[in-house]
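Structure at a glance
In case you want the letters, here they are:
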Amino acid sequence: MPVHDDRTAPTQAAPIDWWVRPDLCRDADGELCLGGQPLAAMAARLGTPVFVYSAARVSANVARLQGALGATGLRSRLLYALKANRHPPLLAHLRSLGVGLDVCSPGEVRHALGCGYTLDALSFTAGCLSRADHAALAGWPELRVNADSLSAIERLAAATPVRSIGLRVNPAIGVGYGDNPLVRYAGQRPTKFGIYLDRFEEALERAGRLGLVVDGLHCHAGSGFLAPQLAEYGRVLDRLLLFLERAPGIRRINLGGGLGVPLRAGDQALELADWAALVRERLGGRDLLLEIEPGDHIVKDAGVLLAEVTQVEDKGGVTWVGIDAGFNVHPEPAFYDLPMEPVPARLRAGPMRKVAVCGNLNEALDLWAAETLLPPVAEGDILCLLNGGAYGASMASRHCLREPAAEHLIPAAIPTSADALDAANKQAWDALYASTGERVWGDEPMPFLGAFADDLKARIKAPTRVLDAGCGEGRNLPALLALGADEVHAFDASHHALDKIPETLRCRIIPRCGDLAATGYPDASFDVITLLDTAETLPNVDAALAEMQRILKPGGVLLCNIPGYDDGVAGTAMEAVASDGFLYQQRYFYRFVEPERAEAMLVGAGLVILRSEHHSWIEAPHPGFRPEVHRHTSHVLLALRPVSEGKP
């Protein structure tokens, strides 16, 4: 998965439109568009002020982060800082991408649950919690909590005496956007966040004495750092290693957020590949689950605040451009000195001039930009304030009894071509496996597998090789190992799935990650191949079946299941993208076909059907994917590669 970012803000004298990228640019008529939508037209339809978010941009940002996590070489889990933006449609989209949540209050936990998240998809980190807060946490014993003080350890133990927790630590080194001290959570000046190294061993001792198991560390040193701050971030990681050395029981490490996006011309974008290499250098080779919980990097540049120009007037030698949005709508520029680039939705002819952009609150702080270059603007024009996707609506107020801005999510376009569907589908499944430390499909093998065990054993002749194709996290591997083959191979397109195969199984198999349509195995490699709960998820299923036929030995068999429309999940939260293809949660590809068509697909791949049966079973909820108990019905097909043409 690529980790290169297109946030390529230059470091030298930048052009005026330094922020342009493929999904944020002007069309042939000069209209500024986000995600292919003209923003002036959106403002006319939705009213102002209004936040507009691009789901496609969020998806792209998540894909880059998942790729970077993969490049660290560690098992990983991507969380999203809910405090950055809690718009329910946005959260639904993130959930469909397999992204968990960082939450920091009981209210955020309840909001996440109301938006369809489960407790195992959440990580809770907050300080100075009240008795009521701890009482709420006691009601969620399975919620992952990071304690940030000795007091929190005491209160957690009193509320929930048996619990695994993480400890938030303070590295005493801060890193953030440029030299802005307002966004640093640690540094030479003491802060309220986390446990310092001088009291860390005391914290470990107290937690153990009170019955709490400390198995994680959490460290968030600041927000918005870019490429120039990466070396300083390396010092944060070095400091974190000192904590890690004192706690041998640590099994997960949460690096917080802090990954920034360019906000000004001249900002040097953070290359995620460089960040991943730094993390790998410091933490690689350890048996750790790595978690990060960015907010800005996922949603900040996916959002724009649209406001109407209410006045353009010279006062005191300054041209003041007033808009119908004040810092109550988005407080970051006023409170944190974090800029939002103002850009007209429609270009007017004329020279650029230096102006000040101000809001409609009766406050001196209500200033969006003190000095900025703008082309001509007039009353009634729409001004677009870029990088508005994070910490705007979620921090809004009704100061001066001005109402917060409305919010709107531009949905991601659904891919239609086979190649686009295939790429998006692989990304979706990989993100799902990366999103939770639990095994999504559980430990029990497919319930019909035992009914075919004798047929599979009959095909095994030494030396023998068995392949679990599309193995996921390996739920079927124990049954395949029991066949007694010399080698059992496990193949999947997601390395995160393969990483979650239990070590007790991993030491007995040969794993490989790749494309099911081009596995890389030699011809006639396997006596038995299973393709279970996988064929229906492949946009390129015909190519995958042809590949299975190629790598089967003559006389070898393929066990495959393909659901029809009588499957219990057919049509549930699904949108059609082809005659028999659907996207579940707008993310995961599924195909449902009738039994005759399923058999024809295998015959078309050069296989001979030996058995064709209908099986139904009940599945438990799948963490991060399907929250309810559900029924499955599938055509289960046992097919053989003929020894020679026309001879089974």
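Treat the numbers as computed from the prediction; the structure is a model and nothing was measured.

1. Quick word on the overall build of the chain
Assigned secondary structure in the chain consists of 18 helices and 29 strands. In summary, the chain has a C-alpha radius of gyration of 27 Å against a globular reference of 26 Å for 648 residues, a match within 12%. Projected onto its principal axes, the C-alpha coordinates of the chain cover approximately 95 × 65 × 45 Å. A burial count over the chain gives 56% of its 648 residues as buried. Surface summary for the chain: the accessible area is close to 25,300 Å², and the carbon and sulfur share equals 52%. In the chain, which carries 61 positive and 79 negative side-chain charges, the distance between the mean positions of the two groups comes to 4 Å.

2. Overview of the packing of aromatic side chains
A complete count under the given rule lists 21 aromatic pairs for this structure. When the centroid spacing of 5.2 Å and the interplanar angle of 50 degrees are considered together, the rings of Phe-327 and Phe-335 count as tilted. We classify Phe-335 as partly exposed; its relative accessible area is 42%. Grouping aromatic residues by their ring pairs yields a cluster made of Trp-429, Trp-441, Tyr-565, Phe-582, Tyr-584, Tyr-588, Tyr-590, Phe-592 and Phe-625. Over the ring of Phe-452 we find Arg-611, and its NZ or CZ is 4.0 Å from the ring centre. The aromatic ring of Tyr-584 is capped on one face by Arg-626, whose charged end is 4.2 Å from the ring centroid.

3. As for the sheet that holds strand β2 (residues 32-34)
Here three strands make up an open sheet; going across it, the order is β1-β2-β3 and the pairing antiparallel. Because the sheet does not close on itself, it has two edges, and the strands there are β1 (24-26) and β3 (37-38). In this sheet, β3 lies alongside β2 in antiparallel orientation, the contact comprising two bridges. Pairing of Cys-33 across the sheet is with Pro-38, part of β3.

4. Topic: unusual backbone geometry
The omega torsion across Thr-48 and Pro-49 is -5 degrees, close enough to zero to call that bond cis. Note on placement: Pro-49 falls in the loop between α1 (39-46) and β4 (50-54). A positive phi is found at Asn-387, a non-glycine position, where the angle reads about 55 degrees. Within the secondary structure, Asn-387 is located in the loop between β18 (382-385) and β19 (406-410). Positive phi is not limited to glycine here, since Tyr-391 has a value of about 60 degrees. Within the element layout of this structure, Tyr-391 appears in the loop between β18 and β19.

5. Details of a nonpolar patch on the surface
Among the surface-exposed residues, Leu-182, Phe-335, Tyr-336, Leu-365 and Met-395 lie close enough to one another that they form a single nonpolar patch of about 450 Å² accessible area. Positionally, Phe-335 belongs in helix α11 (residues 332-336).

6. Things to note about the nonpolar core
Residues Tyr-80, Leu-94, Leu-255 and Trp-275 are the most contacted members of the largest nonpolar core, which totals 104 residues. Ranked by residue count, the leading element in this core is helix α8 (residues 230-245), at eight residues. If near-sequence neighbours (up to four positions away) are discounted, Trp-275 is found in contact with Ala-68, Leu-69, Thr-72, Phe-225, Leu-230, Tyr-233, Leu-255, Leu-259 and Ile-292.

7. A few points about the pairing of strand β20 (residues 465-469)
Where burial is concerned, most of β20 is hidden: four out of the five residues are buried. Pairing between β20 and strand β21 (residues 487-492): five bridges, direction parallel. Residue pairing for β21: Asp-468 is matched across the bridge by Ala-490. Here β20 pairs with strand β23 (residues 526-531) via four bridges, running parallel. Residue pairing across strands places Ala-469 opposite Leu-531, the latter belonging to β23.

8. Re the packing of helix α6 (residues 150-159) against helix α7 (residues 200-209)
Contact pair α6 / α7: the axes reach a minimum separation of 10 Å and the direction vectors enclose 5 degrees. By the angle between their directions, the pair α6 and α7 is classed as roughly parallel. In this structure, α6 uses Leu-150, Ile-153 and Glu-154 to contact α7, whose residues at the interface are Glu-202, Ala-203, Arg-206 and Ala-207. Counted by class, the contact of α6 with α7 contains four nonpolar, no polar and three charged residues.

9. As for the sheet that holds β21
To summarise the sheet geometry, strands pair through backbone hydrogen bonds and adopt either a parallel or an antiparallel arrangement. Taken together, the seven strands give an open sheet; going across it, the order is β22-β21-β20-β23-β24-β29-β28, and neighbouring strands pair in mixed fashion. Either end of the sheet is taken by a strand with one partner, and the two such strands are β22 (510-513) and β28 (608-619). For this sheet the average axis-to-axis angle between neighbouring strands, irrespective of direction, equals 15 degrees. Taken together, the seven bridges between strand β24 (residues 552-563) and strand β29 (residues 630-640) define a ladder with antiparallel strand orientation. Of the residues in β29, the one forming a bridge with Cys-560 is Leu-637. Where helix α17 (residues 541-551) meets the sheet, it contacts β20, β23 and β24, and its direction lies at approximately 150 degrees from that of β24. Set on the sheet, helix α18 (residues 595-604) makes contact with β24, β28 and β29; between it and β29 the angle comes to about 35 degrees.

10. Examining helix α2 (residues 55-71)
The end-to-end C-alpha distance of α2 is 24 Å, a good match for the 24 Å that 17 residues give at a rise of 1.5 Å each. Among the 17 residues that make up α2, 13 are buried, leaving the element largely enclosed by the rest of the structure. One or two steps after α2, the chain reaches Gly-73, where phi turns positive at roughly 80 degrees.

11. Remarks on the side chain of Asp-492
Positionally, Asp-492 belongs in strand β21. We note that Asp-492 is buried and unpaired, the nearest opposite charge coming from Lys-426 at a distance of 10 Å. Among the polar contacts made by the side chain of Asp-492, one reaches the main-chain amide nitrogen of Cys-471 at a distance of 3.3 Å. For Asp-492, the side chain forms a polar contact with the main-chain nitrogen of Gly-472, separated by 2.8 Å. Excluding residues within four positions of it along the chain, Asp-492 makes contact with Tyr-433, Gly-470, Cys-471, Gly-472, Ala-497, Leu-498, Arg-512, Cys-513 and Gly-514.

Reading the values: the criteria
Residues numbered from 1 in each chain as written. Predicted model: local features only at pLDDT ≥ 70, side-chain atom pairs only at ≥ 80, totals over all residues. Heavy atoms only, no water. Helix = DSSP H or I, 4+ residues; strand = E, 2+ residues; numbered from the N terminus. Rg over C-alpha atoms; globule rule 2.2 N^0.38 Å. Buried < 20%, exposed > 50% of the residue type's maximum accessible area, 1.4 Å probe, protein only. Areas by Shrake-Rupley, 256 points an atom, 1.4 Å probe, with all protein chains shown as cover. Lys, Arg positive; Asp, Glu negative; His and termini not counted. Charge placed at Lys NZ, Arg CZ, Asp CG, Glu CD. Phe/Tyr/Trp six-rings, centres within 6.5 Å; stacked < 30°, edge-to-face > 60°. Lys NZ or Arg CZ within 6 Å of the ring centre and 35° of its normal. Pairing = 2+ DSSP bridges. Patch = residues over 30% accessible without salt bridge, like charges linked within 9 Å, V, L, I, M, F, W, Y side chains within 5 Å. Salt bridge = Lys/Arg side-chain N within 4 Å of Asp/Glu carboxyl O. Core = buried A, V, L, I, M, F, W, Y, C linked by side-chain atoms within 4.5 Å. Contact = heavy atoms within 4.5 Å. Axes fitted to C-alpha atoms, helices over the stretch in contact; angles between N-to-C directions. Parallel < 35°, antiparallel > 145°, perpendicular 65-115°, else oblique. Nonpolar A, V, L, I, M, F, W, Y, C, P; charged D, E, K, R; others polar. Expected span 1.5 Å × (residues − 1). Polar contact = N/O pair within 3.5 Å; in protein donor to acceptor, adjacent residues only side chain to side chain.

Taken by themselves, the reported measurements are silent on function.
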